[in-house]
Every structure is written in C-alpha cells, then in structure tokens.
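# Architecture at a glance
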Amino acid sequence: MIKTLKTFGLATLLASVLACGSHTKKEIKTVKQPNIIFFLVDDMGWMDTSINGSEYYETPNMERLAKMGMKFTHAYAANPLCSPTRSSILTGQDPARVRITMPGGHLPPNPNQDLSAKKGAPWQKMATPDSRTFLTTNQFTIAEALKENGYTTAHIGKWHLGQKGYWPEDHGFDINIGGQQHPGPPSYFSPYKIPNLPNGEKHEYITDRVTKEAVNFLDNQTKDKPFFLNVWQYGVHAPYQAPKELIAKYAAKKDPRGKQNSPIMGGMMEKVDESLGAILDKLEALDIMEDTVIVFYSDNGGNMYDVVNGDFPTNNYPLSFGKGNIYEGGIRVPCIVSWKGKIKPHSTSDEIIQSTDFYPTLLDITNTKQNPEQKLDGISLSDLLTKQKPLNRKAVFSHFPHYVPATGNYPTTAVWHEDYKLLKVYGEGPNRTPEYKLFNLKEDISESNNIAANEEKLVQSMTKMLDNYLNDIDALVPVKNPNYKKGSKSKFGIPPIFPIKNYPSY
C-alpha cells in the first residue's frame, strides 16, 4: 500500500467552502473539529467495573463518564489478546487481515516469514498460522489520517506493536511517551526502565506517571488546533503490583458476589480509575469538555490464567473464560463514549460494536476523509452515538486461529448475529473437521448451553457468513496437522496455573 495522500485538512476545508457557498467566513470559522482522547486499559474485563456490576472494584470515575455519555453492553475487542486489538484500533482492520493475531509486538520483526499454517506439535489436530510481530508502516493509521487533517497526535503509555522502527512516531504520532515494545511494564514503580517514559520520584506508580504526562500534554495544547491523544495505560497487565495502602484497602474488603477478591488487582484498578478522573478534571478545568470526544475501552477480557497469591487476578463471571480465549470472558469488554452536548448523557446501547469501528467513527466525527487505499472492516458509530440511530449491521466476527493451553482456547472463528454467537472450532469434529457451537447470548450469557444440534438452519446460515468473511479478509486458517498423532499427550487438561511471585509494592 502506498502511504502518500493529499492533505485531508485542506481538502476538507475546500469541500466545506464549496458546500456552504452562501455561508460567511465567520460561520465557517465557528465549525470546530473535536479533540479525541482514546483511553485504553490493558486486560480489563467486562466485569471489572462497577458500571457492569462489579461490587469489589471501586470505579467512580468510570461511573462518572458513563453518566456523561453512552455505555455499550455488547462491545468486543477484535481479538482476545492485546497486540491484535491494538492494531485493529489503529488501522480499522480485522487483525487477521493485518496478520497480527497473537501478541508478539515485543519480538524481533518477521517481515519475510511465511505465516501460513504448516505443521504443529503431535498433540495438535490442526496446524495453525503464525502471527506478524509488528504493525507494518504501510498501514495508514488513524493517527496519520487525523494528522493530515490538522490534528496534533500523541501516544502516551503501552504500545506493544513492534520493536524500534515500528513505534508510535513511525505510525503518525507527533509525540510518543512510553510507547515501545513492552507487553507489560518492567516495573510499575519508578524507575520504570522504559527509556522514553520519564522516571518520577522513587517508587512513583506508572499509572500516575502516564496520567501526569497526559495532563501535561493537555495543558500545552491551544484551542485553535484539535488533538488526538492516546492514553493507553499499562494497567492492569502483569506484573501485578499496586501501592501498599491500596492493597491493604482491598484486603479488608469482601466481594458480595464472592467472585473478585484480589487486593492487588483492586489497587491496580483503582489507580486506572483515578487516572480517568484526573483527565476528566483537567478537561473541565480547561473548559474543553464540550470540544472533546472520550473513548474508554479495553484491549481484551480479564486475565484468568495467571495466579497471584493463590487465585486468578480477576473473575469474569457470569462470562466464561478470560483473556486469550474467544468465549465472552476473553473478548467482551467495557466501553463508554462521551461527547458533551452531542451524545445523550447516561444512555445505554445494546448494539454489538467492535474495536475496528473506531477508525471509521473518528473519521466521521472529525470530517476526515478516508484514504481510499485503506480498507476498513469496521463501520461508523457516528449516527448511533449522536442520534441513537440503530446500526445497519448483520454480523461481527473474530478470527483467533491458535491453541492457547494456558487459557483453554482451541483455534476458533466466531460470528455474532443478533442474539446468537457461533463458534467454528477447527479440528474438533469427526476426522478433524470443524466442530460448531451455537449459543443464545440473550438467554445464556455464560455460553453453557450449546444449541447447535437444535438449530441446524441457523448454524448453516451463520457458517456461511463466517466463511464468506474469512474469504473477504484473506484470513490464514488452520489446516490438518501432518505431525498429529492420535493419543499424543495434549497440553489441555493441565490446570492453567502459573504462580506469580509477590512483586514488591510500595
């Protein structure tokens, strides 16, 4: 893909003048493009916030934001792991199209590797594709599109989309603070050991540092030029560390639901919520809340495979499984979008949306033209957000063609259609054909009752949607593994327990 394009800002202005022939110059000048803040939390599950029913984590600022804008009940990451979903936000493309389907952004770049499925371990019925370990610079990211339209662009926090040469500054961001290849921070306490993230006082918390850098950025913006700011927090990814006083606070609490009980995660979540609150406070102090769109999202579901002090970091119940698994617990995420005066306050949408949708949405609400060479898999949410107009969407898809023994995931493609979700599980049917699982999420949010045998026609129609989509995005799919030996010891069935040592807290 060629990355050059005419300047969107000038083109947009000329189009506005031509379309508004009788308007005065003064009227044209009053049209202001909104600022954009994309607040992304790492590994935050759908149930990790009080807005969705958690009674253990304290997230008053998430509640505050939800009262300001629209909360989504059916928001999905494009993939149940971080790097793929992050690529989908930046490109508007399905991770399978981008070829980033696993979180390898910390590994050396592999531009010349054949990623197609070839062979696997003897216990694997299917051979699975490999994943690209970097976001190619041929992509025309949302940052580049907005920059062409006159925006100042900044990324602060986690990146995990490639080593040097593939960092935010190589993808359209004017400012990059803390964005490198790290999957999680080397330390949550200063010194952070991230060269482009300034250290604070000894034992300063990294979530606070990212917040300070974001607030400083806001203080230094002028009202005559819009900005696009990524605040991509490292929290609540491993290593599991929180300030001692917050650990003590949550150790003294008990979840009435009896599900979430990690004091360390409680402290980490509270720090993320404080960060959101500080940014909202700054927008109000600068009197630019009405000029700013805020997107709050997570890159995948909550972690339920690491073990911290004898238990999982969080619990996604009533959703099944968690991060790294394509069941709801791994891929359904919290989402709030706010734009004062444009989005109805304290509103809720049950529409199914996905992380790929934000690219076209931001193009629409900023009046930024799409690069004709940038294929978009998402759809714009603009009318849904500002007019509460239903989406004209038939289905949403996620392709996760990998075995992940730690999370219990088999290579699978999923399709959501109306109230139903179909899973195509590769190799688990007779003679290593696909197995199909169908769930009515409206009646069975925990995906505990497979109704595929009773809904053959629906399975057939949804399978056709799924297969057509895989063909459209040119997805790499699993093939029968030539090395498979029936009876080989499977890595599944081994409890996915990986004890985490007690990291220092201060």
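About the thresholds
- Residues numbered from 1 in each chain as written.
- Predicted model: local features only at pLDDT ≥ 70, side-chain atom pairs only at ≥ 80, totals over all residues.
- Heavy atoms only, no water.
- Buried < 20%, exposed > 50% of the residue type's maximum accessible area, 1.4 Å probe, protein only.
- Helix = DSSP H or I, 4+ residues; strand = E, 2+ residues; numbered from the N terminus.
- Pairing = 2+ DSSP bridges.
- Core = buried A, V, L, I, M, F, W, Y, C linked by side-chain atoms within 4.5 Å.
- Polar contact = N/O pair within 3.5 Å; in protein donor to acceptor, adjacent residues only side chain to side chain.
- Contact = heavy atoms within 4.5 Å.
- Arc of directions from axis to C-beta.
- Axes fitted to C-alpha atoms, helices over the stretch in contact; angles between N-to-C directions.
- 1 Å grid on protein atoms, 1.4 Å probe; cavity = no way out; pocket = protein on both sides within 12 Å on 5 of 7 lines; lining within 4 Å.
- Points joined across faces, edges and corners; volume = space filled by probe spheres on them.
- Nonpolar A, V, L, I, M, F, W, Y, C, P; charged D, E, K, R; others polar.
- Parallel < 35°, antiparallel > 145°, perpendicular 65-115°, else oblique.
- Left-handed = near helix turned anticlockwise from the far one by under 90°.

### Notes on the pairing of strand β12 (residues 412–417)
Each regular strand carries side chains that alternate between the two faces of the sheet. The buried fraction of β12 amounts to six of the six residues, a majority that puts the element mostly inside the structure. Pairing geometry for strand β11 (residues 396–400) and β12, over five bridges, is antiparallel. Residue pairing for β12: Val-396 is matched across the bridge by Trp-416. As defined by bridge partners, β12 adjoins strand β13 (residues 420–425) across six bridges and the pair is classed as antiparallel. Each residue of the ladder has a partner; that of His-417, found in β13, is Tyr-420. Remark: two residues form the turn of the hairpin made by β12 and β13, two consecutive strands paired antiparallel; Glu-418 in that turn has positive phi of roughly 55°.

### Some words on the nonpolar core
Formed by 58 residues in total, the largest nonpolar core has its most connected members in Phe-38, Phe-72, Phe-228, Val-337 and Phe-358. The dominant element in this core, judged by the number of residues it contributes, is helix α11 (residues 358–365), at five residues.

### With respect to the side chain of Thr-413
Among the secondary structure elements, Thr-413 is positioned in strand β12. Thr-413 sits in the buried class, given a relative accessible area of 1%. Here Tyr-426 takes part through its side chain, which lies 2.7 Å from a polar atom of the side chain of Thr-413. Not counting residues within four places of it along the chain, the set of residues in contact with Thr-413 comprises Ser-398, His-399, Leu-422, Leu-423, Lys-424, Tyr-426, Leu-466 and Leu-470.

### Regarding helix α3 (residues 60–68)
The complete set of buried residues in α3 reads Asn-61, Met-62, Leu-65, Ala-66 and Met-68. Take α3 and look down its axis: the buried residues cluster within an arc of 160°, on one side only. Next to the buried residues of α3 lie α9 (263–285), β7 (292–298) and β9 (332–338).

### Description of the sheet that holds β13
The antiparallel open sheet is built from four strands, whose spatial order is β11-β12-β13-β14. Since the sheet does not close on itself, it has two edges, and those belong to β11 and β14 (435–440), each with one partner. Within the sheet, the average angular offset between the axes of one strand and its neighbour, ignoring direction, is 15°.

### Some points on empty space enclosed by the protein
Summed over all chains, the structure comprises two cavities of 30 Å³ or more. What the largest cavity holds in volume is close to 50 Å³. Surrounding the largest cavity, Ala-96, Arg-99, Thr-101, Pro-129, Asp-130, His-399, Pro-401 and Leu-476 form its lining. Here the lining of the largest cavity is built from residues that sort into four nonpolar, two polar and two charged. Here the second largest cavity defines a volume of roughly 40 Å³. What lines the second largest cavity is simply Val-293, Val-295, Val-337, Phe-358, Thr-361, Leu-362, Ile-365 and Leu-385. Within the residue set of the lining of the second largest cavity, elements represented by two or more residues are β7 and α11. Per-element tally for the lining of the second largest cavity: the top contributor is α11, with four residues.

### Focus on the layout of surface pockets
A probe matching the size of a water molecule, rolled over the atoms, marks out where space remains unfilled. Here the second largest pocket defines a volume of roughly 320 Å³. Along the walls of the second largest pocket sit 18 residues, with Asp-350, Glu-351, Ile-352, Glu-418 and Asp-419 positioned nearest its centre. Where the lining of the second largest pocket is concerned, the elements lending two or more residues are β2 (70–76), β10 (347–354) and β12. Tallying contributions element by element places β10 first for the lining of the second largest pocket, with three residues. Classifying every residue of the lining of the second largest pocket by side-chain character gives eight nonpolar, two polar and eight charged.

### Things to note about the environment of Pro-434
You can see Pro-434 is positioned in the loop between β13 and β14. Along the backbone, Pro-434 and Lys-424 are 10 residues apart, and their C-alpha atoms lie at a distance of 6.2 Å. Pro-434 has contacts with Lys-424, Val-425, Tyr-426, Gly-427 and Gly-429, leaving out every residue within four places of it along the chain.

### Some thoughts on the environment of Asp-48
By the element assignment, Asp-48 lies in the loop between β1 (35–41) and α3. Residues Asp-48 and Pro-191 lie 143 residues apart in sequence; the distance between their C-alpha atoms is 28 Å. Leave out the neighbours within four places in its chain, and Asp-48 touches Asp-43, Ser-54, Tyr-57, Thr-59, Gln-260, Met-269, Gly-302, Thr-314 and Asn-315. Engagement of the side chain of Asp-48 in a polar contact is seen with the backbone nitrogen of Gly-45, the distance being 2.7 Å.

### Things to note about the pairing of β2
Where burial is concerned, most of β2 is hidden: six out of the seven residues are buried. Of the strand pairs in this sheet, β2 and β10 are connected by six bridges, and their pairing is parallel. Along β10, the bridge assignment pairs Phe-72 with Ser-349.

### A short note on the packing of helix α8 (residues 244–251) against α9
Across the interface, α8 lies against α9 with an axial gap of 7 Å and an inter-helix angle of 120°. Classified by the interaxial angle, the pair formed by α8 and α9 is oblique. The interaxial crossing formed by α8 with α9 has right-handed handedness. In contact with Leu-246, Ile-247, Lys-249, Tyr-250 and Ala-251 of α8, α9 contributes Pro-263, Ile-264, Gly-266, Gly-267, Glu-270 and Lys-271. For the contact of α8 with α9, the residue count by class is six nonpolar, two polar and three charged.

So far we have only geometry, and geometry alone does not tell us how the molecule works.
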